[in-house]
Amino acid sequence: MLFGDRILAYKDEIFRDIKELVSIPSCAVPQNGEYPCGEQAARALQWILNRAKEMGLETVNVDQAAGHAQYGEGPEVAAVLTHVDVVPAGDGWSSDPFCAVERDGKLYGRGVADDKGSAVVSLYCLKALKDAGVIGKRRLRAIFGAGEECGMNDMPRYFASQELPVMAFTPDAEYGICNREKGILQIEVSAPTHDGTTLTAFRAGTVVNAVPDKAMALLDCTEMEDHQLQRLADAKEGKFTFRYTLDGMMVQSTGVSSHAMEPEKGFNAATHLIRLLASNFGHTVLGSLCAFIDDAIDLETNGLSLGIRQRDKESGPLTVNVGVVDIGPNHAKALLDIRYPVTADGDKILQTVERRAQRDGLSVKVLNHNKPLYIPEHTSLIILLKDAYQSVTGKPAKLYATGGGTYARQLQGKGVAFGPVFEGQDYRLHQSDEYIDMEAFLLHAQICLEAMYRMFTDAN
């Protein structure tokens, strides 16, 4: 019997704890003070560390931003990194997103797949090793972050006082092994003030790393312009509704959310609404920010009009997502998420965007810039993970690239993303009705434990 099979003895406890952890609405909210990732994210972190203490594991909480549970002794550390924070629930759920429910062999709830399920599994893998009395070559940690969804500033804070693992993986992606992660450039594009006239307000999105599924515009227009706009909306792609208010005509746009690493899989409510308004009113009365979005980005997700479209054979194409648009009487800003190929120069991409924004009198501020990750196939960690995967599944683990950003890029070439989603599955990450297939997730748990067992006992 493979050691990884031992995790099945804990399956009832694993799903029980996933449900309890999901009930904490731990949306990451960067802030100053006692809770740098928000109070609810800190609450989720403390919850899982308390469970680790109940299991008899050593725990550390670093500034309410990240922490770990640890088993074993030795001069080195191996680790599995997960996160207990989540993106906002959004609309469109068929049940309460923070009350995990089982239906037809699936478990639904915000965070079950990204990444609370994996966090609970990694904790029980430590428990399985401890209960079996396994003696390893190094210390083994399950590291938990509370700010992965808001820029990953939790890990730099954690590693400022904690040692870097000699080998690690993060089950926050797909199987097989992700040894290439695109660069992530998240920026704010803003105008000194809102310089539009007909458009008085615009709101869309809550986070930069998701395609917004809702957008709203408030217009000060004539009755004739209103009727013309509604006729035009019937001919445009998208779903638009119109409502008269005391402050003017309100137009609402409904789209489909998706992760910013795959913006083409969503339907951006913001860019489609801006396209509709620009088609009817032109750019001048909408203001410089909307003019920039419509002209330099339009409905594209490949950066063509922005002048940054590119791809490489190692990781594929660059993508652009307009995640947030916020326009009011005295402000106008948009948040963009750009994922660029592993061989590309992120600084040159930024310079190109800055030059284009300056043409419309806009400024650009970098919110977050994570450089690409690329780990060669022949490294000992890749070989270990490939062997663990094949021993459990009987199939070879493919290497692949992603536009997603994981904790792996925080590990200075010592870690990769590995699981939990299997090829062909869509767990609706960052979307409504996020779920896990419970049977498949137990297979992930077996792979995770087998890999952790090997990292713990491997002499290399």
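Residues numbered from 1 in each chain as written. Predicted model: local features only at pLDDT ≥ 70, side-chain atom pairs only at ≥ 80, totals over all residues. Heavy atoms only, no water.

Description of the environment of Tyr435
Note the cut-off: Put simply, DSSP marks the helices as runs of H or I at least four residues long and the strands as runs of E at least two long, and each gets a number from the N terminus on. Each residue is assigned to one of three classes by its accessible area relative to the maximum for its type, calculated with a 1.4 Å probe on protein chains only: buried under 20%, partly exposed between the two thresholds, exposed over 50%. Contacts: residue pairs with any heavy atoms within 4.5 Å of one another. Pairs of N or O atoms within 3.5 Å make up the polar contacts considered here, provided that, within protein, one atom can donate a hydrogen while the other can accept it, and that residues adjacent in sequence are counted only when both atoms are side-chain atoms.
Mapped onto the fold, Tyr435 is located in strand S24 (residues 435–437). Exposure remark for Tyr435: the relative accessible area of 13% places this residue in the buried category. Through-space distance from the C-alpha of Tyr435 to that of Ala113 is 6.2 Å; in sequence the pair is 322 residues apart. With residues near it in sequence (within four places) discarded, Tyr435 still touches Lys106, Leu107, Tyr108, Val112, Ala113, Asp426, Tyr427 and Arg428. For Tyr435, the side chain forms a polar contact with the main-chain oxygen of Asp426, separated by 3.1 Å.

Some remarks on the state of the cysteines
For clarity, the cut-off: Two cysteine sulfurs form a disulfide in these notes if their separation is within 2.5 Å.
Enumeration according to the criterion identifies 0 disulfides in this entry. As a non-bridged cysteine, Cys37 has Cys150 as the owner of its nearest cysteine sulfur, 5.1 Å distant. Cysteine Cys178 remains unbridged, with the sulfur of Cys448 as its closest cysteine sulfur at 16 Å. Since its relative accessible area comes to 0%, Cys178 is described here as buried.

As for the packing of helix H6 (residues 269–281) against helix H7 (residues 288–297)
Selection rule: Where helices are involved, their axes are fitted lines through C-alpha atoms of the stretch in contact, as for all axes, and angles between N-to-C directions lie from 0 to 180°. Between 65 and 115 degrees an angle is taken as roughly perpendicular, under 35 as roughly parallel, over 145 as roughly antiparallel, and anywhere else as oblique. Note that Gly is not counted as nonpolar here; it falls among the polar residues with everything else outside the nonpolar set of Ala, Val, Leu, Ile, Met, Phe, Trp, Tyr, Cys and Pro and the charged set of Asp, Glu, Lys and Arg.
The interhelical angle for the contact between H6 and H7, taken along N-to-C directions, is 105°, at an axis separation of 10 Å. The orientation of H6 relative to H7 falls into the category roughly perpendicular. For the pair H6 and H7, the contacting residues are Thr271, Ile274, Arg275 and Ala278 in the first and Cys290, Ile293 and Asp294 in the second. Across the contact of H6 with H7, the residue classes break down as 4 nonpolar, 1 polar and 2 charged.

Thoughts on the packing of aromatic side chains
Each aromatic ring pair is specified by the distance between its two centres and by the angle formed by the two planes. Selection criterion: Ring pairs shown here join Phe, Tyr and Trp side chains whose ring centres sit within 6.5 Å, with only the six-membered ring taken for Trp; geometry is labelled stacked below 30 degrees between planes, edge-to-face above 60, and tilted in between. Whether a charge lies above a ring is judged from NZ of Lys or CZ of Arg, which has to be within 6 Å of the ring centre and within 35 degrees of the ring normal.
If you walk through the whole model with that rule in mind, you get 10 aromatic pairs. Taking the centre distance of 5.5 Å and the plane angle of 40° together, the rings of Tyr71 and Phe456 count as tilted. Within this pair, whereas Tyr71 is found in strand S2 (residues 66–71), its partner Phe456 is found in helix H10 (residues 438–457), the two being separated by 385 residues in sequence. With relative accessibility at 16%, the residue Tyr71 sits in the buried group. With 4.8 Å between their ring centres and 35° between their planes, Tyr175 and Phe422 make a pair best called tilted. Placement of Tyr175 in the loop between strand S8 (173–174) and strand S9 (177–181) and of Phe422 in the loop between strand S23 (420–421) and S24 is noted, with a sequence separation of 247 residues between them. For Tyr175, a relative accessible area of 6% corresponds to the buried category. Three or more aromatic residues joined by ring pairs make a cluster, and in this case those are Phe169, Tyr175, Tyr389, Phe418 and Phe422. A cation over a ring is seen here: Arg103 above Tyr108, with NZ or CZ 4.0 Å from the ring centre.

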